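As a plain string of letters, each chain reads:
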Amino acid sequence: MVTGKTVLVTGAAGGIGAAIAEEFAGAGAQVALGDIDGPGVKETATRLATKLGLEMGQELLAHRLNVSASQEVEAWVEAVMTAWGKVDVVVNNAGIQLNRASLDLSDDDWQRVLGVNLDGCFYLCRAAGRHMVARGEGVVINIASIAVQFGMPRRLPYCVSKAGIAALTRVLAVEWASAGVRVNAIAPGYIETELVRYAFEQGHIRPEEITAKIPQGELAKPRTIGEVAVFLASDAAGYITGQTLVVDGGYSVFK
Ligand SMILES: NC(=O)c1ccc[n+]([C@@H]2O[C@H](COP(=O)([O-])OP(=O)(O)OC[C@H]3O[C@@H](n4cnc5c(N)ncnc54)[C@H](O)[C@@H]3O)[C@@H](O)[C@H]2O)c1
């Protein structure tokens, strides 16, 4: 049950983040959506409000947010605290990809991907974690990837950032367990989003090759990740912490 919980979701303008926001809002949570795409995140929140019959401000908030800027993340958490008085759940979902040979990576390429995927995750954990630890309850959910366990060529900063998220998840889980705060990650396989559609279009990955390697035979819908996030935030997952839960239709165990 997540009814009455306040939930912050980053990268919520589209894709998996929007689906996570929708699942929580549909389950009765108050959801704050943050995304670097300001108009996009407002549009998504408005769409959810209409679809689910919810009120902007009361049950949904939308903010432009760059997760790689720590002061913006701090200000976002404080804005939600001011509006709703507590932070129950944060979902670190914002993430970017880069397909480039490791020898061709510039300093900026490296820092950009790590800055959004890993620094951003840490900044929000720290900003929200302060409130959660002080209050003695809270749930953090970080969106990693099956890239945590594979050597994917041309994806060095992405794979490193996601492996870093799995490590951060373990450390914070152990550090905050006695304060009643659980920290877990979800490692999605291939999900039907713009990120993956773009990779198909660019020829970075081929749809038929990918589906042949998924025992369940298809890519997941974004809402599947939303459903798993709601589960991890619920009391049913009360004894689960420090884990990176793979949600990939069997892709990572298929030989
Ligand atoms: N799609 C997949 O198959 C897949 C698989 C494994 C993991 N993931 C992970 O899931 C997460 C979401 O992926 P998606 O497929 O929905 O991607 P997406 O590109 O569709 O959405 C990502 C969102 O993050 C936002 N964003 C980018 N930089 C940001 C920043 N600095 N601050 C705030 N928001 C920012 C974008 O505007 C966008 O709305 C990512 O962390 C990604 O690595 C996706």
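Here, every reference points to the structure presented above.
A.B. asks: Any chance you could break down the pairing of strand β1 (residues 6–10) for me, citing the residues and the numbers?
C.D. replies: The buried fraction of β1 amounts to 5 of the 5 residues, a majority that puts the element mostly inside the structure. Across 5 bridges, the pairing between β1 and strand β2 (residues 30–35) is parallel. Paired with Val9 across the strands is Leu33, a residue of β2. For the segment spanning β1, helix α1 (residues 15–26) and β2, crossover handedness is right-handed.

A.B. asks: Just give me the short version of helix α8 (residues 222–233), but keep the residues and values in it.
C.D. replies: In a regular helix each residue adds 1.5 Å, so 12 residues correspond to 16 Å; α8 covers 17 Å between its end C-alpha atoms and thus fits that length. Most of α8 is tucked away: 9 of the 12 residues are buried. Every buried residue of α8 is accounted for by Pro222, Thr224, Ile225, Gly226, Val228, Ala229, Val230, Leu232 and Ala233. Those residues of α8 hidden inside the fold are in contact with α1, β4 (89–92), β5 (138–143), β6 (181–188) and β7 (244–247).

A.B. asks: Outline the site of the ligand, supporting the account with residue identities and numerical values.
C.D. replies: In the vicinity of the ligand there are 28 residues, among which Gly11, Gly15, Gly95, Thr193 and Leu195 approach most closely. Within the residue set of the shell around the ligand, elements represented by two or more residues are α1 and α6 (194–201). Among the residues forming the shell around the ligand, the class breakdown is 14 nonpolar, 11 polar and 3 charged.

A.B. asks: Describe the sheet that holds β1, listing the residues and the values that go with them.
C.D. replies: The parallel open sheet is built from 7 strands, whose spatial order is β3-β2-β1-β4-β5-β6-β7. Two strands bound the open sheet, and with one partner strand each, they are β3 (60–64) and β7. Mean inter-strand twist for the sheet, computed between neighbouring axes without regard to direction, equals 15°. Inspection of the sheet shows β6 paired to β7 by 4 bridges, in the parallel sense. Across the sheet, the residue bridging to Pro188 is Val247, located in β7.

A.B. asks: Break down helix α2 (residues 38–52) for me, with residues and values.
C.D. replies: For α2, which comprises 15 residues, the first-to-last C-alpha distance of 21 Å matches the rise-based estimate of 21 Å (1.5 Å per residue) to within 8%. Turning to α2, its buried residues are Val41, Thr44, Ala45 and Leu48. An end-on view of α2 places all buried positions within 95° of arc, on one side of the element. Of the exposed residues in α2, the ones pointing more than 90 degrees away from its buried face are Pro39, Arg47 and Thr50. Next to the buried residues of α2 lie α1, β2 and β3. Remark: Gly53 follows α2 within two positions and exhibits a positive phi of approximately 65°.

A.B. asks: Residues and numbers for the environment of Val73, please.
C.D. replies: Relative to the assigned elements, Val73 resides in helix α3 (residues 70–84). For Val73, a count of 26 C-beta atoms within 10 Å puts it in the buried group. Separated by 54 residues in the primary sequence, Val73 and Ala127 have C-alpha atoms spaced 7.2 Å apart. The residues contacting Val73, other than those within four sequence positions of it, are Val67, Tyr123, Leu124 and Ala127.

A.B. asks: Quick one: what's the story with unusual backbone geometry, residue by residue and with numbers?
C.D. replies: A positive phi angle, close to 65°, is found at Arg154, a residue other than glycine. Inspection of the secondary structure puts Arg154 in the loop between β5 and α5 (156–176).

A.B. asks: Which residues make up the environment of Gly120, and what are the values?
C.D. replies: Mapping Gly120 onto the fold places it in helix α4 (residues 107–135). With 28 C-beta atoms counted inside 10 Å, the residue Gly120 sits in the buried group. Expressed as a C-alpha distance, the spacing of Gly120 and Asn66, which sit 54 residues apart in the sequence, is 8.1 Å. If near-sequence neighbours (up to four positions away) are discounted, Gly120 is found in contact with Thr10, Val67, Ser68, Asn92, Ala94 and Gly115.

A.B. asks: So what's going on with the packing of α4 against α5? Residues and values would help.
C.D. replies: Here α4 crosses α5 at 15°, and the two axes come no closer than 9 Å. The orientation of α4 with respect to α5, classified from their angle, is roughly parallel. Crossing hand, α4 versus α5: right-handed. Between α4 and α5, the contacting residues are Asp109, Trp110, Val113, Leu114, Asn117, Leu118, Cys121, Phe122, Cys125, Gly129 and Val133 on the first element and Pro157, Tyr158, Ser161, Lys162, Gly164, Ile165, Leu168, Leu172 and Trp176 on the second. Class assignment for the residues of the contact of α4 with α5 results in 14 nonpolar, 4 polar and 2 charged.

Conventions and cut-offs
Residues numbered from 1 in each chain as written. Predicted model: local features only at pLDDT ≥ 70, side-chain atom pairs only at ≥ 80, totals over all residues. Buried ≥ 20, exposed ≤ 12 C-beta atoms within 10 Å, placed from the backbone. Helix = DSSP H or I, 4+ residues; strand = E, 2+ residues; numbered from the N terminus. Pairing = 2+ DSSP bridges. Right-handed = clockwise from strand over helix to strand, strands pointing away. Expected span 1.5 Å × (residues − 1). Contact = placed C-beta atoms within 7 Å. Near = placed C-beta within 6 Å. Nonpolar A, V, L, I, M, F, W, Y, C, P; charged D, E, K, R; others polar. Axes fitted to C-alpha atoms, helices over the stretch in contact; angles between N-to-C directions. Arc of directions from axis to C-beta. Parallel < 35°, antiparallel > 145°, perpendicular 65-115°, else oblique. Left-handed = near helix turned anticlockwise from the far one by under 90°.

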